[in-house]
Amino acid sequence: MRMSKTFLDTLSAELRHMQPLHGLILAHSTVVLVIVAWRGDIAATAHQWYVEQFAPLYFLALPVAYAAARLVLAAVRAPGMRLPRLARLPELLGRAAGAAITFTALLLFLGSFTTFKTLMPFFWGGFPQDRFLADLDAALHGGTDPGPFLLGHLDNPLIIEALQWNYAAVWSALAFVPLFFVVLQAPRLRLRYCLSFVLVWATLGNVLACAFLSAGPAFYGAVTGDTARFGPQMQALQGTLSSAFQAYLWDIQRQNIVGFGTGISAFPSVHVGVAMMNALFLRDISRIAGFAGFVYVAIVALSSVLFGWHYAIDGYVSILVVTLLHAALKRLFGESRHATAGDGLTPSPATP
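Reading the values: rules and limits
Residue positions are counted from 1 within each chain, in the order its sequence is given. pLDDT decides what is reported in this predicted model: residues at 70 or higher carry local features, side-chain atom pairs at 80 or more are listed and counted, and totals for whole chains, interfaces and linings draw on all residues regardless. Each side-chain value is worked out from all heavy atoms of the structure, with water and hydrogens disregarded. By definition, any uninterrupted DSSP run of H or I lasting at least four residues is a helix, any uninterrupted run of E lasting at least two residues is a strand, and each is numbered from the N terminus. It is over C-alpha atoms that the radius of gyration is taken, and the globule rule equals 2.2 Å times the number of residues to the power 0.38. Residue burial is assigned from relative accessible area. The probe radius is 1.4 Å, only protein chains are included, and a residue is buried under 20% of its type maximum, exposed over 50%, and partly exposed in between. The contact rule is simple, with two residues in contact once any of their heavy atoms fall within 4.5 Å. Accessibility throughout is a Shrake-Rupley quantity obtained with a 1.4 Å probe, and a residue counts as covered only by protein chains that appear here. When charges are tallied, Lys and Arg are placed among the positive residues and Asp and Glu among the negative ones, while His and the ends of the chain are skipped. All charge positions are set by atom: Lys at NZ, Arg at CZ, Asp at CG, Glu at CD. Remark: nonpolar core denotes a set of buried residues (Ala, Val, Leu, Ile, Met, Phe, Trp, Tyr, Cys) joined through side-chain atoms within 4.5 Å. In the sections that follow, a salt bridge refers to a side-chain nitrogen of Lys or Arg positioned within 4 Å of a carboxyl oxygen of Asp or Glu. Throughout, an axis means a line fitted to C-alpha atoms (over the contacting stretch in the case of helices), and angles, computed between N-to-C directions, take values from 0 to 180 degrees. Here a crossing is called left-handed whenever its near helix is offset anticlockwise from the far helix by less than a right angle, and right-handed whenever the offset is clockwise. Each residue is assigned to one of three groups, with Ala, Val, Leu, Ile, Met, Phe, Trp, Tyr, Cys and Pro labelled nonpolar, Asp, Glu, Lys and Arg labelled charged, and all others, Gly among them, labelled polar. One fewer than the residue count of a helix, multiplied by 1.5 Å, yields its expected span. Values of bend correspond, residue by residue, to the angle between axes fitted over the seven residues ending at that residue and the seven starting there. Centres within 6.5 Å make a pair out of two Phe, Tyr or Trp rings, where for Trp the six-membered ring is used; the pair is then stacked when the planes are under 30 degrees apart, edge-to-face when over 60, and tilted otherwise. Scored between 0 and 100, pLDDT is the confidence that the predictor attaches to each residue.

Undergrad: Just to check I follow, could you spell out the overall build of the protein for this structure?
TA: When helices and strands are tallied, the protein shows 15 helices and 0 strands. Taking 2.2 N^0.38 as the reference for a compact globule, 352 residues should give roughly 20 Å; the C-alpha atoms of the protein span a radius of gyration of 22 Å, in line with that estimate. In terms of overall dimensions, the protein has a C-alpha envelope of 70 × 50 × 40 Å along the principal axes. Counting the 352 residues in the protein, one finds 47% classified as buried. Across the protein, the fraction of contacts at a sequence separation of at least 24, relative to all contacts at a separation of at least 6, is 85%. A total of about 17000 Å² of accessible surface is found on the protein, and carbon and sulfur atoms cover 70% of it. When the 22 positive and 17 negative side-chain charges of the protein are each reduced to one mean point, those points stand 17 Å apart.

Undergrad: Is there a simple way to think about the nonpolar core in this case?
TA: It is characteristic of soluble globular proteins that their nonpolar side chains tend to be buried jointly. Residues Tyr58, Phe197 and Trp201 are the most contacted members of the largest nonpolar core, which totals 79 residues. Elements with a contribution of two residues or more to this core: α2 (19-39), α3 (47-77), α4 (89-124), α7 (157-185), α8 (190-211), α12 (270-285), α13 (287-306) and α14 (312-333). The element contributing the most residues to this core is α8, with 12 residues. In contact with Trp201, other than residues within four places in its own chain, are Phe109, Leu110, Phe113, Trp171, Phe176, Asn206, Val270 and Val274. Judged by nonpolar contacts, the second largest core, of 7 residues, contains Leu133, Tyr220, Phe267 and Tyr311.

Undergrad: Explanation requested: the pattern of salt bridges in the structure shown.
TA: Any two side chains of opposite charge can pair, given that their charged atoms come close. Inspection of every chain in the model, using the stated rule, returns 8 salt bridges. For Glu91, the salt bridge is made with Arg95, and the minimal N-O distance between the two is 3.4 Å. Taken as a pair, Glu91 and Arg95 lie in helix α4 at a separation of 4 residues, close to a single helical turn. A relative accessible area of 17% means that Arg95 is categorised as buried. Beyond isolated ion pairs, a larger network of salt bridges with shared partners links Glu14, Glu91, Arg95 and Arg190.

Undergrad: What is the right way to look at the packing of α2 against α4 in this model?
TA: In a pair of packed helices, the angle between the axes and the distance between the axes together describe the arrangement. Where α2 contacts α4, the two axes come as close as 9 Å, and the packing angle between them is 35°. Of the two elements, α2 crosses α4, and the hand of that crossing is left-handed. The class makeup of the residues in the contact of α2 with α4 is 16 nonpolar, 6 polar and 1 charged.

Undergrad: When you look at α3 in this model, what are you seeing that I'm missing?
TA: Note that an α-helix has 3.6 residues per turn; residues three or four places apart therefore point the same way. Over its 31 residues, α3 extends 42 Å from the first C-alpha to the last, a length consistent with the 45 Å expected when each residue adds 1.5 Å. The axis of α3 is deflected most strongly, by about 45°, at Phe54, and proline Pro56 appears within four residues downstream. Turning to α3, its buried residues number three or more, namely His47, Tyr50, Phe54, Ala55, Tyr58, Leu62 and Tyr66. Of the surrounding secondary structure, the elements contacted by the buried residues of α3 are α2, α4 and α7.

Undergrad: Quick question: what am I supposed to make of the environment of Val31 here?
TA: Its place among the elements puts Val31 in helix α2. Along the primary structure Val31 and Ser112 are separated by 81 residues, whereas in three dimensions their C-alpha atoms are 9.0 Å apart.

Undergrad: Which parts of the structure should I look at to understand the packing of aromatic side chains?
TA: Enumeration over the complete set of coordinates arrives at 27 aromatic pairs. Geometrically, the ring pair formed by Phe113 and Trp201 is edge-to-face, given 5.1 Å between the ring centres and 85° between the ring planes. Placement of the pair is Phe113 in helix α4 and Trp201 in helix α8, with a sequence separation of 88 residues. A relative accessible area of 4% means that Phe113 is categorised as buried. Look at Tyr220 and Phe230: their rings are 5.1 Å apart centre to centre, the planes differ by 70°, and that puts the pair in the edge-to-face class. Placement of the pair is Tyr220 in helix α9 (residues 220-224) and Phe230 in the loop between α9 and α10 (231-236), with a sequence separation of 10 residues. Given a relative accessible area of 1%, Tyr220 falls into the buried group.

Undergrad: In this structure, what is going on with the confidence of the model for the protein? I would like to understand it.
TA: Low-confidence regions, as indicated by low pLDDT, have predicted coordinates that should not be scrutinised in detail. Put simply, the protein has an average pLDDT of 89, and 91% of its residues get 70 or more. Averaged pLDDT values over the elements of the protein bottom out at 47 in helix α15 (residues 337-343) and peak at 98 in helix α5 (residues 130-140). Considering only residues more than four positions removed or in separate chains, one finds that residues 337-342, a stretch of pLDDT under 50, has 13 contacts.

And the structure:
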């Protein structure tokens, strides 16, 4: 009975702590589902795709790897000390249940995010802002479109291949895997990090993306009829990983299909925004880690323009908006740099 009470008390505390996140996700998902229902296609959501793709990651692969690592560390630090820690099992299970609910909420959010992103062209009847954003981008760069310029000066196939795999695979790992460890190991940081994650995706990829809907250089010819402007750039990228995925996205868009990672929008860049979010949190923990994070932001921003996913201005705006969001959340939580760095990603005695 006492073990059951400890479990329930711990779970209740976890839910209260993460209540602002769950409330934000519930509000966002409710709005999206109302829009879907208004369109009369309640089945047209991306939620099942994210459950299929991420549930094995958050509920199987990462927990197994995490538990195995903790067991190895425990064996190395204190051989023979096993049973005494079983007394904390109800508390650990309560925290694990709270983490599982948080991950479930985040999967709900990602499904709602992609559902809304796929629907955005429906509101505008297409992508109305590409000419304006492309012209503004060129004006900011001396009358030259940055994408074709960069590709013309970077003709090393190995570098291009490495940048493409980074943009597609490494970025995804750095975007989604840290969530797991922050939720489990950073009690004072988890709520602010998770709120930042949701706000960055929703603000950049839903609110601003819908308000200034554009498809990006890769699809510029298809949405404006001007195939000459970015045509040579996209022709030079034919046969690459980016080109293949862009063809897939455009085909899915034309068929009005909702699925994993579907939806096209350029302004502003979620890729750059998420990288910037992580860089800012890393800077709060360590100057060296922060510097590495900002270098990675530059690599992602360059890649997004090089491969025709974004106009350069998409990344600039993302960096600005995410910096403002980060500062606002730190102020809301009353955290100084020193206080955040003190939490870091180090397990406290109360964390599993």
